[in-house]
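These are the residues of each chain, in order.
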Amino acid sequence: MERRRLLGLVSVGLSSGCLGSLPGATGPRNPPAAPAGDPRDTPEVSPVRIEDIDYEATDDGRLRVFGSVLNDGGAERLTTVEVRVTVGGERTTQSQELAVPAGGTADFAVEFEFGYDAFREDGDLNVSLV
């Protein structure tokens, strides 16, 4: 009986600290100010993008870069494909203009004076839309 009474007193004593007050709010009382500019306005992503890129040797052993551009938009888009090739520190850029139909693709192909084998050994390729 004495044991039961002691446990009851201990439990009342321990719980009284927890029931003394309700928890208060944490964190800032006012929401932070929005950053300059409206962060909810995200930049428009162009519906035109490069779908695939590949390269090969021409019949005379030069480098040929080719691929296709995809247009997810609802209207025809005009774009320029820029192909940059670097071989042994020498850089060359060629571009090709394309009309890409709405919801369709358009193919591009450019040839360089670099040899295909030299490009495979020490070449760098960068293709972008400008």
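For clarity, every value in this text was computed on a predicted model and none was experimentally measured. (Residues numbered from 1 in each chain as written. Predicted model: local features only at pLDDT ≥ 70, side-chain atom pairs only at ≥ 80, totals over all residues. Heavy atoms only, no water.)

Colleague: Explanation requested: the pattern of salt bridges in the structure shown.
Modeller: Opposite charge on two side chains makes pairing possible when the charged atoms of those side chains draw close. This model, assessed by the stated rule, comprises 6 salt bridges. Between Asp 72 and Arg 49 there is a salt bridge whose closest N-O contact spans 2.3 Å. Within this pair, whereas Asp 72 is found in the loop between strand S2 (62-71) and strand S3 (77-87), its partner Arg 49 is found in strand S1 (residues 48-57), the two being separated by 23 residues in sequence. Residue class for Arg 49 comes out partly exposed when judged on its relative accessible area of 41%. Its salt-bridge partner being Arg 62, residue Asp 60 comes within 3.1 Å of it at the nearest N-O pair. Overlapping salt bridges bring together Asp 60, Arg 62, Glu 111 and Glu 113 as one network. (Salt bridge = Lys/Arg side-chain N within 4 Å of Asp/Glu carboxyl O. Helix = DSSP H or I, 4+ residues; strand = E, 2+ residues; numbered from the N terminus. Buried < 20%, exposed > 50% of the residue type's maximum accessible area, 1.4 Å probe, protein only.)

Colleague: How should the packing of aromatic side chains be read in this particular structure?
Modeller: The way to describe two aromatic rings as a pair is by their centre distance and the angle between their planes. Under the criterion given, the structure shown has 2 aromatic pairs. Ring geometry for Tyr 55 and Tyr 116: centres 6.1 Å apart, planes at 45 degrees, overall tilted. Of this pair, Tyr 55 sits in strand S1 while Tyr 116 sits in helix H2 (residues 116-122), and the two are 61 residues apart along the sequence. In this structure Tyr 55 comes out as partly exposed when scored by relative accessible area, which is 33%. Judged by centre distance (5.0 Å) and plane angle (80 degrees), the rings of Tyr 55 and Phe 119 are edge-to-face. Placement of the pair is Tyr 55 in strand S1 and Phe 119 in helix H2, with a sequence separation of 64 residues. By relative accessible area, Phe 119 is classed as buried at 5%. Taken together, the aromatic side chains of Tyr 55, Tyr 116 and Phe 119 make up a single cluster linked through ring pairs. (Phe/Tyr/Trp six-rings, centres within 6.5 Å; stacked < 30°, edge-to-face > 60°.)

Colleague: Looking at this structure, how should I read the environment of Leu 78?
Modeller: Counting through the fold element by element, Leu 78 comes out in strand S3. A relative accessible area of 74% places Leu 78 in the exposed class. Residues Leu 78 and Pro 101 lie 23 residues apart in sequence; the distance between their C-alpha atoms is 8.8 Å. With sequence-adjacent residues up to four places away left out, Leu 78 is seen in contact with Leu 98 and Ala 99. (Contact = heavy atoms within 4.5 Å.)

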